Amino acid sequence: MAQHAGNGDSVVEEIPDLSESDEDENLWEDEDTSSEEKVCCLFCEQFCDSVKETFFHCKSHHLIDIGSVIRKHNLDDYGYIKLINFIRATKCTAEKFLSISSTDLWEKEEYMIPTLRDDPLLQFDIEELWEAELMDCHISNQVNEGASSDSMLLKQLQQAKDRASKAEEELQRALNDLHKVKQFAQNLVMNADVKLHTSTGGPIAELREDEDDVYFSSYGHYGIHEEMLKDKVRTESYRDFMFLNPDVFKGKVVLDVGCGTGILSMFAAKAGAKQVIGVDQSDVIYQAIDIVRSNHLDGIITLLKGRIEDVDLPVEKVDIIISEWMGYFLLFESMLDSVLSARDKYLANGGSVYPDLCNITLAAVCDKQKHDGRIAFWDDVYGFQMTCIKKAVITEAVVEVLNPESLISDTCIICNINCNKITIPELEFSSDFCLKITRGCLCTAIVGYFDIFFEKNCMSKVMFSTGPQNPRTHWKQTVFYLEHPIEVKQGETLQGKIEVRKNRKDPRSLIITLCLNNVKQTYILQ
Ligand code: SAH
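Residues numbered from 1 in each chain as written. Predicted model: local features only at pLDDT ≥ 70, side-chain atom pairs only at ≥ 80, totals over all residues. Heavy atoms only, no water.

An unreviewed UniProt entry lists the protein under the name Protein arginine N-methyltransferase 3, from Erpetoichthys calabaricus.

Here is the structure:
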């Protein structure tokens, strides 16, 4: 399309020749030069740097979109020239222009005469306007096309803005709800088990044979037995108990529940037992058979593969049950359930289960460095915040060895177990506790550990402890980190309550709820 012409040095009297002669082409050939001229706004005294800027200014300051006006009235080049000249000649205000609904007012031929000399607006190719609009403001174009007037366009824009901010609000609400649902689901998973088992005598999780394959296959590898055998505190305690109390074993029938490599069966045989029956469901039993034979104890020791709950023993009753059933925090693994069911099925009247006594103990811990390494760590990971992970980290009880120096309270036993008397439902319990602070500090965690006693009928009592003040064992300690450490003073007491339950979905894992200073936190040990 040809350039629109403002012909002459000043306001001209005649209608300009708009023919596309070469001469005319030359006159207007330098488009850029004309666009460099300052352009006076149609509705105020403001000068803009270009035609497009002028149109933008008209739109943003006077709410008049020239492109939309051209489209609305379907103006051709002549119509456009008349429009510009009409506005300038009549000094039409924006308000007045907005009220004009037809082109009648600038239809007259006189408006072909430029009102302003060299008016760059008259040299503008309106097709450029379409292109610019299409490229720069595609969305606004769409709105424009649907709009029947500028005020309608504005109304539509406002409505779109309102819809967008409403949608944003709704999205935020949905995200908040989602967060709440997530937290609710998390609590449900963690606490469902707790609720189901809060009253004694409530439903107890069953150890299902098919679900136990993983558990037993973990004992099939020699590595785990090597670790246990190398735990001298553990193994020597069992040995000492049997060797130092031969009277207890002499001529007795002994059942070794979960015999593993057969070590306890061999101690019992050496201690004077008449007959020892070792039972184990894991494949380690095949090694045990070899071991027993190699040590020429196969005349005393009989080994059976199977779950103690399912096997048929070659005897009806036994005098003694020995077993090393203890897991982390004593009750993890729930193997004591199997020992107690064997006790109830096979132990003769007056018989004994060893170890016979055990307890679980708690103490307060101050170890800022360990707490930071585990919890605060997530606040700044290579400069990124991963704080949300802290919630998950806190809920996991940690099995680790503590520095005895980090203990800041006396100890409190939360549960005493007599293996000759306790019932399976009693292995889920709750207990109040009270820890007297021995050193003012920041309490960053509560530690749990257990002690084991061989005492019944024993001339030489034997015990061992898995506490941090004692030589380390493979059970280490179980640490419950506090999300918000508590400032404690020497002499004050830290009151709390602990609940220990089996996880309904995985009865070998434990769910432990600690309430300290009225803050409740549920931990899982798995
Ligand atoms: N008595 C051995 C091994 C102790 S580890 C020692 O002191 O070194 C516990 C063993 O008990 C594992 O080998 C495991 O396979 C076995 N065990 C656990 N629950 C059992 C059950 N219900 N029936 C049979 N064996 C079981």
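Once you've had a look at it, read on.
Visitor: Talk me through the overall build of the protein; I want residue IDs and the actual numbers.
Guide: Each helix and strand in the protein was counted, giving 18 helices and 17 strands. Across the 526 residues of the protein, 48% fall into the buried class. (Helix = DSSP H or I, 4+ residues; strand = E, 2+ residues; numbered from the N terminus. Buried < 20%, exposed > 50% of the residue type's maximum accessible area, 1.4 Å probe, protein only.)

Visitor: Let's hear about the site of the ligand: which residues, and what values?
Guide: Neighbouring the ligand are 21 residues, the closest being Arg234, Gly258, Asp280, Ile308 and Glu309. Between the ligand and the protein, one listed contact pairs a nitrogen atom with a side-chain N or O atom of Glu309 at 3.1 Å. Taken together, the residues of the shell around the ligand sort by class into 9 nonpolar, 7 polar and 5 charged. (Near = heavy atom within 4 Å. Polar contact = N/O pair within 3.5 Å; in protein donor to acceptor, adjacent residues only side chain to side chain. Nonpolar A, V, L, I, M, F, W, Y, C, P; charged D, E, K, R; others polar.)

Visitor: Break down the environment of Asp432 for me, with residues and values.
Guide: Relative to the helices and strands, Asp432 is located in strand E11 (residues 429-436). Along the primary structure Asp432 and Gly496 are separated by 64 residues, whereas in three dimensions their C-alpha atoms are 5.8 Å apart. Those residues in contact with Asp432 that sit more than four places away from it in its chain are Gly496 and Lys497. (Contact = heavy atoms within 4.5 Å.)

Visitor: How would you explain the pattern of salt bridges if you had to name every residue and give the values?
Guide: Going through the model one piece at a time under the given rule, you end up with 16 salt bridges. Across the pair Lys230 and Glu226 runs a salt bridge whose closest N-O atoms are separated by 2.4 Å. One end of the pair, Lys230, and the other, Glu226, are both in helix H11 (residues 222-230), 4 residues apart, so they sit about a helical turn from each other. The class for Lys230 is exposed, based on a relative accessible area of 59%. Between Asp240 and Arg239 there is a salt bridge, with the nearest N and O atoms lying 3.2 Å from each other. Judged by relative accessible area, Arg239 falls into the partly exposed class, the value being 29%. (Salt bridge = Lys/Arg side-chain N within 4 Å of Asp/Glu carboxyl O.)

Visitor: So what about the pairing of strand E15 (residues 493-502)? Which residues, and what values?
Guide: The element E15 is extensively covered by neighbouring structure, given that 7 of its 10 residues are classed as buried. Pairing between E11 and E15: 8 bridges, direction antiparallel. Residue Ser430 lies in a different strand from E15, and its bridge partner there is Glu499. (Pairing = 2+ DSSP bridges.)

Visitor: How would you explain the state of the cysteines if you had to name every residue and give the values?
Guide: Such a bond, covalent and formed between the sulfur atoms of two cysteines, is termed a disulfide. Applying the stated criterion across every chain, the model contains 1 disulfide. Of all cysteine sulfurs in the structure, the one in Cys358 sits closest to Cys415, which takes part in no disulfide; the separation is 7.3 Å. Here Cys415 falls in the buried class, since its relative accessible area comes to 10%. (Disulfide = S-S within 2.5 Å.)

Visitor: So what's going on with the sheet that holds strand E17 (residues 519-525)? Which residues, and what values?
Guide: Taken in spatial order, the 4 strands line up as E11-E15-E16-E17 in an open sheet, and their pairing is antiparallel. In this open sheet, the two edge strands, each paired with only one partner strand, are E11 and E17. Each strand of the sheet is rotated relative to its neighbour by a mean of 20°, with strand direction disregarded. With 7 bridges joining them, strand E16 (residues 510-516) and E17 adopt antiparallel strand pairing. Among the inter-strand pairings, Cys515 is bridged to a residue of E17, identified as Lys520. (Axes fitted to C-alpha atoms, helices over the stretch in contact; angles between N-to-C directions.)

Visitor: Lay out the sheet that holds strand E5 (residues 301-305) in plain terms, naming residues and giving numbers.
Guide: Across the sheet, 5 strands lie side by side as E5-E4-E3-E6-E7; this open sheet has parallel pairing. Both outer strands of the open sheet, E5 and strand E7 (347-354), are each paired with one neighbouring strand and no more. This sheet shows a mean twist of 20° between the axes of neighbouring strands, independent of strand direction. Examined bridge by bridge, strand E6 (residues 318-323) and E7 share 4 bridges and lie parallel to one another. Residue pairing in the sheet places Ile321 in a bridge with Val353 of E7.

Visitor: Explain the confidence of the model for the protein residue by residue, including any values.
Guide: Residue-level pLDDT values for the protein average 86, and 83% of them are 70 or greater. In this model residues 1-35 is a low-confidence stretch, pLDDT under 50, and it forms 47 contacts with partners more than four residues away in sequence or in other chains. Contacts for the low-pLDDT stretch residues 137-144, under 50 throughout, to residues beyond four places or in other chains number 13 contacts. (pLDDT = per-residue confidence, 0-100.)

Visitor: Mind laying out the nonpolar core, listing which residues take part and the relevant values?
Guide: In this structure, Leu255 and Phe329 are the most contacted members of the largest nonpolar core, which totals 95 residues. Setting aside its immediate chain neighbours within four residues, Phe329 contacts Ile360, Leu362, Ile414, Gly448, Phe450, Thr478, Phe480, Ile498, Val500, Leu510, Ile512 and Leu525. In this structure, Ile64, Leu75, Ala94 and Trp106 belong to the second largest nonpolar core, which totals 29 residues. (Core = buried A, V, L, I, M, F, W, Y, C linked by side-chain atoms within 4.5 Å.)

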